[in-house]
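Listed here are the chains, written in short residue letters.
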Amino acid sequence: MTNGAEPVSSVNYTENISSDKKTYAITFVDNGKFSDAFYNLNDDMFSTLVVTRISNNVVKFTFTTKVAVVAFPIIREDSSDTYSTISFYTAKESGPRVIIDAGHGGYDHGAIYSSTYESFLNLDVAKLVIAKLKAAGVDVIATREDDTFVGVYERAYLANKASATLFVSIHHNASTVPEMHGTGTYYYSTSTNGIKAATNIQERLVSALGSLNHGIITGNDLIVIDNTNMPAALVELGFMSNDEELQKLKDPNYQEKAANAICQGILDTLDQMGY
Ligand SMILES: [Zn+2]
């Protein structure tokens, strides 16, 4: 179990998943909050949820699903409360699975220039990349699909739990030097396929956008790159602190070109990885 904004920490619970991955049971301390119950969920993923009181302060949730799933609980703490969610994703099949990570979100806006939030620019491009990958038949998971806060450790944890093949994070840069502009892509120094991914995406981007090429850059200190178990790349599309580049970064046509390039760079990489 992970604490969204903090490094993964251990919280008491036990979980079981059936061999067909269609029954997931989790037992945890709830201080008597939940009563025995049966829910006929019956949506695309879930059949039923059974809540069983084990003792005064321990409860068991048993989910049955229509498809094989991977499930994991996450605890989030904010200033006023602590709450838990259980995330469910379809179990990975034989093909590749790509995580697209729109940087920042919610109260974490990232860079802000001329009333433009980095978190929104990241999401704009991420949504386009996700649609293009899906159109190409790739299994894609988004770390966020709207303007919500997701901790950086949680993003990496999700990717690991979901057995991702490749993790790509989308960001926009900023500098105190207003003249700074251009595109760069970060990777983990010892990850051969991470270097391939960063190189492919970077080359596709600078050729599509005509932006200044900062090349690929070691990013071992970046949490999503350091904490993911699979090859990972983090793109800094351009500098929001440069007026001229910011205008381009906000332009839907430029975003479309960027998304196409990222998608192509990902497909190049999956191809090189043997998919
Ligand atoms: Zn950022």
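Residues numbered from 1 in each chain as written. Predicted model: local features only at pLDDT ≥ 70, side-chain atom pairs only at ≥ 80, totals over all residues.

### Focus on the overall build of the protein
Thought 1: Along the backbone of the protein there are six helices and 16 strands.
Thought 2: The C-alpha atoms of the protein give 20 Å as radius of gyration, which agrees with the globular expectation for 275 residues (19 Å, within 12%).
Thought 3: Overall size of the protein, expressed as C-alpha extent along the three principal axes, is 65 × 45 × 35 Å.
Thought 4: In the protein, which comprises 275 residues, the share counted as buried stands at 39%. (Helix = DSSP H or I, 4+ residues; strand = E, 2+ residues; numbered from the N terminus. Rg over C-alpha atoms; globule rule 2.2 N^0.38 Å. Buried ≥ 20, exposed ≤ 12 C-beta atoms within 10 Å, placed from the backbone.)

### Brief notes about the confidence of the model for the protein
Caution applies to low-pLDDT regions: their predicted coordinates should not be interpreted in detail.
Thought 1: Confidence along the protein averages 93 in pLDDT terms, with 93% of residues attaining 70 or more.
Thought 2: In this model, residues 1-5 is a region of pLDDT below 50 whose contacts with residues beyond four sequence positions or in other chains number 21 contacts. (pLDDT = per-residue confidence, 0-100. Contact = placed C-beta atoms within 7 Å.)

### A short note on helix 3 (residues 192-209)
Thought 1: For helix 3, spanning 18 residues, the distance from its first C-alpha to its last is 26 Å, which sits close to the expected 26 Å at 1.5 Å a residue.
Thought 2: Three or more residues of helix 3 are buried, namely G194, K196, A197, A198, N200, I201, Q202, R204, L205 and L209.
Thought 3: Close packing links the buried residues of helix 3 with strand 13 (166-173), strand 14 (183-187), strand 15 (213-218), strand 16 (232-239) and helix 6 (252-272).
Thought 4: In the stretch just after helix 3, G210 is the one whose phi turns positive, near 65°. (Expected span 1.5 Å × (residues − 1).)

### A few points about unusual backbone geometry
The phi angle of most residues is negative, glycine excepted, and most peptide bonds adopt the trans form.
Thought 1: The backbone of K21 sits at a positive phi, close to 60°, despite the residue not being glycine.
Thought 2: For K21, a count of 15 C-beta atoms within 10 Å puts it in the partly exposed group.
Thought 3: Positive phi, normally seen in glycine, also occurs at N31, with a value near 55°.
Thought 4: Looking at the secondary structure, you find N31 in the loop between strand 3 (23-29) and strand 4 (37-40).

### Observations concerning the nonpolar core
Thought 1: V129, V168, A233 and I262 are the most contacted members of the largest nonpolar core, which has 55 residues in total.
Thought 2: It is helix 1 (residues 118-135) that provides the largest number of residues to this core, a total of eight residues.
Thought 3: Leave out the neighbours within four places in its chain, and A233 touches V168, T185, Y186, Y187, G194, A197, A198 and I201.
Thought 4: Counting residues in each nonpolar core, the second largest holds seven residues, with Y24, I26, V59 and V69 among its members. (Core = buried A, V, L, I, M, F, W, Y, C linked by C-beta atoms within 7 Å.)

### Looking at helix 5 (residues 243-250)
Thought 1: Taken as a whole, helix 5 has its buried residues at E245, L246 and L249. On an axial view of helix 5, the arc spanned by its buried residues comes to 105°, and they lie on one face. Structural note: helix 5 exposes D243, E244 and Q247 on the side pointing more than 90 degrees away from its buried face.
Thought 2: Those residues of helix 5 that are buried are in contact with strand 10 (112-113), strand 11 (116-117), helix 1, strand 13, strand 16 and helix 6. (Arc of directions from axis to C-beta.)

### Points about the sheet that holds strand 13
Thought 1: An order of 12-9-13-16-14-15 is seen for the six strands of this open sheet, with the pairing classed as mixed. In this open sheet, the two edge strands, each paired with only one partner strand, are strand 12 (139-142) and strand 15. Averaged over all pairs of adjacent strands, the angle between their axes in this sheet comes to 20°, without regard to strand direction.
Thought 2: As judged from the four bridges shared by strand 14 and strand 16, these two strands associate in the antiparallel manner. The residue bridging T185 from the neighbouring strand is V235, located in strand 16.
Thought 3: Sheet strands touched by helix 3: strand 13, strand 14, strand 15 and strand 16. Its angle to strand 14, the strand with the most contacts, is close to 170°. (Pairing = 2+ DSSP bridges. Axes fitted to C-alpha atoms, helices over the stretch in contact; angles between N-to-C directions.)

### Observations regarding the sheet that holds strand 2 (residues 13-17)
Thought 1: Spatial ordering of the open sheet is given by 2-3-6-5-4, a layout of five strands whose pairing is antiparallel. Unpaired on one side and paired on the other, strand 2 and strand 4 mark the two borders of the sheet. This sheet shows a mean twist of 10° between the axes of neighbouring strands, independent of strand direction.

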